[in-house]
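Structural characterization, general
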Amino acid sequence: MSTMIRPALSLLVLMTLITGVAYPLVVTGVAQVAFPDQANGSLVRDAQGKVRGSALIAQDFVGDAWFHPRPSAGAFATVSSSASNLSPSNPALATRVIDDANKLLVPGQGPVPLALITTSGSGLDPHLPPAAIAYQLARVAAARNVPVSTLEQLMNAHIEQPLVGPPVVNVLALNMALEKL
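Let me sum up the structure you'll find in this document. For clarity, every value in this text was computed on a predicted model and none was experimentally measured.

Description of the sheet that holds strand β5 (residues 168-170)
- The strand order across the open sheet built from three strands is β3-β5-β4, with neighbouring strands paired in antiparallel fashion. Among the strands making up the open sheet, the edge pair consists of β3 (127-128) and β4 (159-160).
- Inspection of the sheet shows β3 paired to β5 by two bridges, in the antiparallel sense. Residue H127 lies in a different strand from β5, and its bridge partner there is N170.
- Against the sheet, helix α6 (residues 171-179) contacts β3 and β5, and its axis sits at roughly 60° relative to β5.

A closer look at the packing of helix α5 (residues 148-157) against α6
- Where α5 meets α6, the closest approach of the two axes is 10 Å, and the angle between their N-to-C directions is 135°. In this view, α5 runs oblique relative to α6, as classed from their interaxial angle. The chirality of how α5 crosses α6 is right-handed. For the pair formed by α5 and α6, the contact residues are L151, L154 and M155 on the first element and L174, A177 and L178 on the second.
- Classifying every residue of the contact of α5 with α6 by side-chain character gives six nonpolar, no polar and no charged.

Some details on the packing of aromatic side chains
- Under the definition given, this model contains one aromatic pair.
- Directly above the ring of W66 sits R144, whose terminal nitrogen or CZ lies 4.5 Å from the centroid.

Observations concerning the side chain of N175
- The topology assignment puts N175 in helix α6.
- Side-chain polar atoms of N175 contact the backbone oxygen of F67, separated by 2.9 Å.
- Those residues in contact with N175 that lie beyond four places of it in its chain are F61, W66 and F67.

What about unusual backbone geometry?
- Phi is positive for N145, which is not a glycine, with a value near 55°.
- When you line up the elements, N145 lands in the loop between α4 (130-144) and α5.

Details of a nonpolar patch on the surface
- A cluster of nonpolar side chains, M1, I5, L9 and L12, forms an exposed patch at the surface whose accessible area comes to about 450 Å².
- Within the secondary structure layout, I5 lies in helix α1 (residues 2-34).

Brief notes about the pattern of salt bridges
- Inspection of every chain in the model, using the stated rule, returns one salt bridge.
- Measuring nitrogen to oxygen at the nearest pair gives 2.7 Å for the salt bridge that ties D100 to R96. Of this pair, D100 and R96 both sit in helix α3 (residues 91-104), four residues apart, roughly one helical turn.

Concerning the side chain of Q136
- Tracing the backbone through its elements, the reader meets Q136 in helix α4.
- Looking at Q136, its side chain comes within polar contact range of the main-chain nitrogen of H68, at 2.7 Å.
- Once residues within four sequence positions are removed from consideration, Q136 is found in contact with W66, F67, H68, L116 and L128.

Digging into the nonpolar core
- With 25 residues, the main nonpolar core has F67, L128, I133 and L151 as its most contacted residues.
- Among residues more than four places away in sequence, those in contact with L128 are H68, P69, R70, A115, L116, I133, Q136, V168, V169 and V171.

Reading the values: the criteria
Residues numbered from 1 in each chain as written. Predicted model: local features only at pLDDT ≥ 70, side-chain atom pairs only at ≥ 80, totals over all residues. Heavy atoms only, no water. Pairing = 2+ DSSP bridges. Helix = DSSP H or I, 4+ residues; strand = E, 2+ residues; numbered from the N terminus. Contact = heavy atoms within 4.5 Å. Axes fitted to C-alpha atoms, helices over the stretch in contact; angles between N-to-C directions. Parallel < 35°, antiparallel > 145°, perpendicular 65-115°, else oblique. Left-handed = near helix turned anticlockwise from the far one by under 90°. Nonpolar A, V, L, I, M, F, W, Y, C, P; charged D, E, K, R; others polar. Phe/Tyr/Trp six-rings, centres within 6.5 Å; stacked < 30°, edge-to-face > 60°. Lys NZ or Arg CZ within 6 Å of the ring centre and 35° of its normal. Polar contact = N/O pair within 3.5 Å; in protein donor to acceptor, adjacent residues only side chain to side chain. Patch = residues over 30% accessible without salt bridge, like charges linked within 9 Å, V, L, I, M, F, W, Y side chains within 5 Å. Areas by Shrake-Rupley, 256 points an atom, 1.4 Å probe, with all protein chains shown as cover. Salt bridge = Lys/Arg side-chain N within 4 Å of Asp/Glu carboxyl O. Core = buried A, V, L, I, M, F, W, Y, C linked by side-chain atoms within 4.5 Å. Buried < 20%, exposed > 50% of the residue type's maximum accessible area, 1.4 Å probe, protein only.

So, to be careful, I would describe these as geometric facts and stop short of saying anything about function.
Laid out in structure tokens, this is it:
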């Protein structure tokens, strides 16, 4: 019996050291050398070096003076990131979407873009389509007493074209640039 247990335990210890210690250390080391920004969370810092957030995770901005991201089912918390799991036929989802649309509706601007009233699959999507940002221009311009044309230029400067998919704007990056105006 001991002739089987000893090799089994030795193999268990060896594989634990390889897969639980050596491999993670090698992958971490390669990531730190090859992709240091991404390996450390794609952190966004202000002019003083203070971390303001991550370019990959949405943040809630409150008040009319800021561009707002899409709603989050998990209250922008990374631990509980997920969709709301409410089906399209669920009356609670319909009520929430209608309430949000009524709050955001700007007379004369047409319907509220879907990106401003529907959550993403993760609840943490940091990007919005340019149309959703453009819908908010008048509100932000009025709150900051800035011409809409200035904010349009700022928005256009922050439009990103991903490798796949439509153009997007990172709301955190846009709000950080807005703060500098």
